[in-house]
Amino acid sequence: MKNKLLIFIFVSFILIGCAGVGSKGLFGTGVSVALDPRSVGTQIDDSIMQKSISAKILAKDSKYLLSVKTKVLDGRIFVTGKVDSPDEKLMITKLAWETKGARSVRNDIKIKEEFNFKQSAKDLLITSQLRTALIVNKNIKATNYQIDTYKKKIYIYGIALTSEEKDLVISEAKEILDVEDVIASIILLEDLRVQRE
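Asks: Looking at this structure, how should I read the pattern of salt bridges?
Replies: Oppositely charged side chains can pair when the atoms bearing their charge come close. By the definition in use, this model includes 8 salt bridges. Among the ionic pairs, Lys71 bridges to Asp148, the shortest N-O distance being 3.3 Å. In this pair, Lys71 is assigned in strand β1 (residues 68-73) and Asp148 in strand β4 (residues 145-150), connecting sequence segments 77 residues apart. Across the pair, Asp148 and Lys71 agree in class, each one buried. Across the pair Asp108 and Arg106 runs a salt bridge, and its minimum N-O distance is 3.5 Å. Residue classification places Asp108 among the buried positions, given a relative accessible area of 10%. Members of the salt-bridge network, linked through shared partners, are Lys63, Asp84, Glu88 and Lys112.

Here's what the structure looks like:
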């Protein structure tokens with residue numbers, strides 16, 4: 001049983017590695033500009049904002065390099081990760097709002113707790129299952145979504161081409177075994193400030 005679990009975790013890491021470039025493409029790395037539904041100008045603005053907020057956070061403390069992640073979509077800032085105290089979470093939220101061009105800030109940072117291998121493995125499994133489901137579903141453009149799982153809660157960030165696609169993504173997430181909640185920050189293509197021609 002333990003061997004099967006270890007093999008499954010190993011395969012999951014490989015699958016995440018294969019899909020990782022595509023999933024990060026939405027946020028400015030690895031995927032052609034042509035695949036991104038945002039205009040080139042919006043992509044550049046978002047990239048500048050993301051670098052700005054990341055630099056501000058790192059200037060406060062270098063420990064945030066690995067523990068806090070930021071994503072910017074159409075001027076909307078999404079922050080995830082783990083910090084030691086509620087004060088740190090509040091400080092990072094304030095820094096995000098102070099970023100020039102910020103339209104909104106969604107802070108999904110968690111307060112750190114003792115590491116739990118079993119919980120981390122479950123979260124990794126949930127992320128892998130959803131990533132695979134999105135890739136297999138022909139009605140979903142999987143490269144437009146970033147997935148994070150923390151304590152059986154799935155956080156999905158991305159741009160949906162239609163409201164039907166958005167509903168499909170959320171539905172796929174809710175069908176995964178052991179998922180307690182789905183927090184979707186999915187922007188519809190029609191809601192972007194400036195769409196690509």
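Okay, back to it.
Asks: Any chance you could explain the sheet that holds strand β6 (residues 181-188) here in plain terms?
Replies: Strand pairing in a sheet takes place through backbone hydrogen bonds and is either antiparallel or parallel in direction. Taken in spatial order, the 3 strands of this open sheet run β4-β5-β6, and their pairing is mixed. Edge positions in the sheet fall to β4 and β6, since each of these pairs with one other strand and no more. Neighbour to neighbour, the strand axes of the sheet diverge by 10° on average, direction disregarded. Bridge count between β4 and strand β5 (residues 153-160): 6 bridges; the pairing is antiparallel.

Asks: Would you mind going over helix α5 (residues 117-136) with me for this structure?
Replies: Residue pairs spaced three or four apart in an α-helix point in one direction, given the helix's 3.6 residues per turn. For α5, built from 20 residues, the straight-helix expectation of 28 Å at 1.5 Å per residue is met to within 8% by its first-to-last C-alpha distance of 28 Å. Buried within α5 are the following residues: Ala121, Asp123, Leu124, Ile126, Thr127, Ser128, Leu130, Arg131, Ala133 and Leu134.

Asks: Sorry if this is basic, but what is going on with the sheet that holds strand β3 (residues 104-111) here?
Replies: The 3 strands are arranged β1-β2-β3 in an open sheet whose pairing can be described as mixed. What marks the edges here is a single partner per strand, and that holds for β1 and β3. Strand-to-strand twist across the sheet, computed as the mean angle between neighbouring axes with direction ignored, equals 10°. Sheet topology places strand β2 (residues 76-83) next to β3; 8 bridges connect them, and they run parallel. Of the residues in β3, the one forming a bridge with Lys82 is Lys110.

Asks: How do you make sense of the pairing of β2 when you look at a structure like this?
Replies: The side chains of a regular strand alternate between both faces of the sheet. Burial analysis of β2 places 6 of its 8 residues in the buried class, the great majority of the element. As paired strands, β1 and β2 are joined by 6 bridges and run antiparallel to one another. Residue pairing for β2: Leu73 is matched across the bridge by Arg76. Hairpin connection of β1 to β2: 2 residues between the antiparallel strands, including Asp74 at a positive phi of 55°. Of the crossover connections in this fold, the one passing from β2 over helix α4 (residues 86-97) to the parallel β3 is right-handed.

Here is what the cut-offs are and how they apply
Residues numbered from 1 in each chain as written. Predicted model: local features only at pLDDT ≥ 70, side-chain atom pairs only at ≥ 80, totals over all residues. Heavy atoms only, no water. Salt bridge = Lys/Arg side-chain N within 4 Å of Asp/Glu carboxyl O. Helix = DSSP H or I, 4+ residues; strand = E, 2+ residues; numbered from the N terminus. Buried < 20%, exposed > 50% of the residue type's maximum accessible area, 1.4 Å probe, protein only. Pairing = 2+ DSSP bridges. Axes fitted to C-alpha atoms, helices over the stretch in contact; angles between N-to-C directions. Expected span 1.5 Å × (residues − 1). Right-handed = clockwise from strand over helix to strand, strands pointing away.

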